[in-house]
Amino acid sequence: MLLVATAAFAQRIWVGGGRFYREPPKWVKDADFDGSFVYCRGFYNSVRREAGGQGWSTDYPGADNNFSVRLAELTRVPVKLDDNWQPNYGVVSLTDPLLFRCGILFMEDVGTAQLSPAETRALRDFLMKGGFLWVDDYWGSYAWDRWSEQITQVLDPGRFPIVDLPLDHPIMHTLYDVRDYLQVSSIQFWYSNGGAISERGHDSAQVHYRGIHDEQGRLMVLMTHNTDVADTWEREGESREYFDLFSPRGYAIGVNVVLYALTH
């Protein structure tokens, strides 16, 4: 018990720059999967750029690290640790068979994504076999149109329609009662625009939490559009005001999503 407690207290919160800045992808490997939670970030190719985005690596790896630390603190979910007792997050190609070892797949800036036919088939198989996908941090109508084009190639919208999620959906009450859908911009945008939270102005003024269910009613895709929930994890240590305004709500949503994904 003492060893476990010591390890938990030793886990570090990323606070910008430093050793995490522009790290190359740390690809998952078979040894990463032992039944513990591993933050799996989906890798994809971008065919366009978005202001403030970095394609697959947006918010990487600070969000991955910090969320894993807080998940271990706030729940009893066993989080995979590396040899230094730090969270063992990883990046996974959509065509890597190890994708099917991930309980939940995170992807960001997906308004820039172009999925190949092989990636489309693999992601479809992952979802239909019980996997869960959460896409976050893509802004405006153009990014939405691009992503919706990609995901409807993965899942036939006639069979699996995209729907707006009501606030009483079970995913928003798995552990914490989420009473409003958080809209939050990146900390850089928030700083430089006097606290504004719509990164594309009027084109992203309305936040959307949308989803796709399987035929048994299980939510298998969550799409948080016109918001950057992951930045509330990545940047939690950089501004007390930003943390107080956004991070507790961002972590509440994240914990709820992971617990839903792992139990459905």
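Everything below is about the structure shown above.
It should be emphasised that the depicted structure is a prediction, and the values quoted were computed from it without experimental measurement.

Colleague: Before we move on, can you summarise the overall build of the protein chain with the specific residues and values?
Modeller: Within the protein chain, the regular secondary structure consists of seven helices and nine strands. Its C-alpha atoms give the protein chain a radius of gyration of 17 Å, within 12% of the compact-globule value 18 Å for 264 residues. Along the three orthogonal principal directions, the C-alpha set of the protein chain runs to about 55 × 45 × 35 Å. Relative to its 264 residues, the protein chain shows a buried fraction of 54%. Nonlocal contacts in the protein chain, meaning residues at least 24 apart in sequence, comprise 76% of its contacts between residues at least 6 apart. Total accessible area on the protein chain is roughly 11900 Å²; 53% of this is exposed by carbon and sulfur atoms. Charged side chains in the protein chain number 24 positive and 35 negative. The centres of these two groups are separated by 3 Å.

Colleague: Residues and numbers for the pairing of strand β1 (residues 40–43), please.
Modeller: Inspection of the sheet shows β1 paired to strand β3 (residues 90–93) by four bridges, in the parallel sense. Looking at the pairing, cysteine 40 lines up with glycine 90 of β3. Sheet topology note: the β1/strand β4 (residues 105–108) ladder contains two bridges and is parallel. Of the residues in β4, the one forming a bridge with arginine 41 is phenylalanine 106.

Colleague: With reference to specific residues and values, describe the pairing of strand β8 (residues 208–213).
Modeller: Note that strand β7 (residues 162–164) and β8 share three bridges and pair antiparallel. By the bridge assignment, valine 163 is partnered in β8 with glycine 211. Sheet analysis places β8 next to strand β9 (residues 219–225), joined by six bridges and oriented antiparallel. From the neighbouring strand, histidine 208 faces β9, where its bridge partner is histidine 225. Counted between consecutive antiparallel strands, the loop separating β8 from β9 contains five residues, among which glycine 217 sits at a positive phi close to 90°.

Colleague: Please give an account of the packing of helix α2 (residues 62–74) against helix α7 (residues 240–263) that cites residues and values.
Modeller: Contact geometry for α2 and α7: axes closest at 11 Å, N-to-C directions at 75°. As far as their axial angle goes, α7 and α2 are roughly perpendicular. Residues Asn66, Phe67, Arg70, Leu71 and Leu74 of α2 form the contact with α7, whose own contacting residues are Tyr251, Gly254, Val255 and Val258. Along the lines of polarity and charge, the residues of the contact of α2 with α7 split into six nonpolar, two polar and one charged.

Colleague: Help me get a handle on the nonpolar core, residues and values and all.
Modeller: Formed by 73 residues in total, the largest nonpolar core has its most connected members in Phe37, Leu105, Phe132, Leu133 and Trp233. Top element by residues in this core is α7. It accounts for ten residues. Phenylalanine 132 has contacts with Gly103, Ile104, Leu105, Phe126, Leu127, Ile171, Leu219, Met220, Leu222, Val257, Tyr260 and Ala261, leaving out every residue within four places of it along the chain.

Calculation rules
Residues numbered from 1 in each chain as written. Predicted model: local features only at pLDDT ≥ 70, side-chain atom pairs only at ≥ 80, totals over all residues. Heavy atoms only, no water. Helix = DSSP H or I, 4+ residues; strand = E, 2+ residues; numbered from the N terminus. Rg over C-alpha atoms; globule rule 2.2 N^0.38 Å. Buried < 20%, exposed > 50% of the residue type's maximum accessible area, 1.4 Å probe, protein only. Contact = heavy atoms within 4.5 Å. Areas by Shrake-Rupley, 256 points an atom, 1.4 Å probe, with all protein chains shown as cover. Lys, Arg positive; Asp, Glu negative; His and termini not counted. Charge placed at Lys NZ, Arg CZ, Asp CG, Glu CD. Pairing = 2+ DSSP bridges. Axes fitted to C-alpha atoms, helices over the stretch in contact; angles between N-to-C directions. Parallel < 35°, antiparallel > 145°, perpendicular 65-115°, else oblique. Nonpolar A, V, L, I, M, F, W, Y, C, P; charged D, E, K, R; others polar. Core = buried A, V, L, I, M, F, W, Y, C linked by side-chain atoms within 4.5 Å.

Nothing here speaks to function; it is all geometry.
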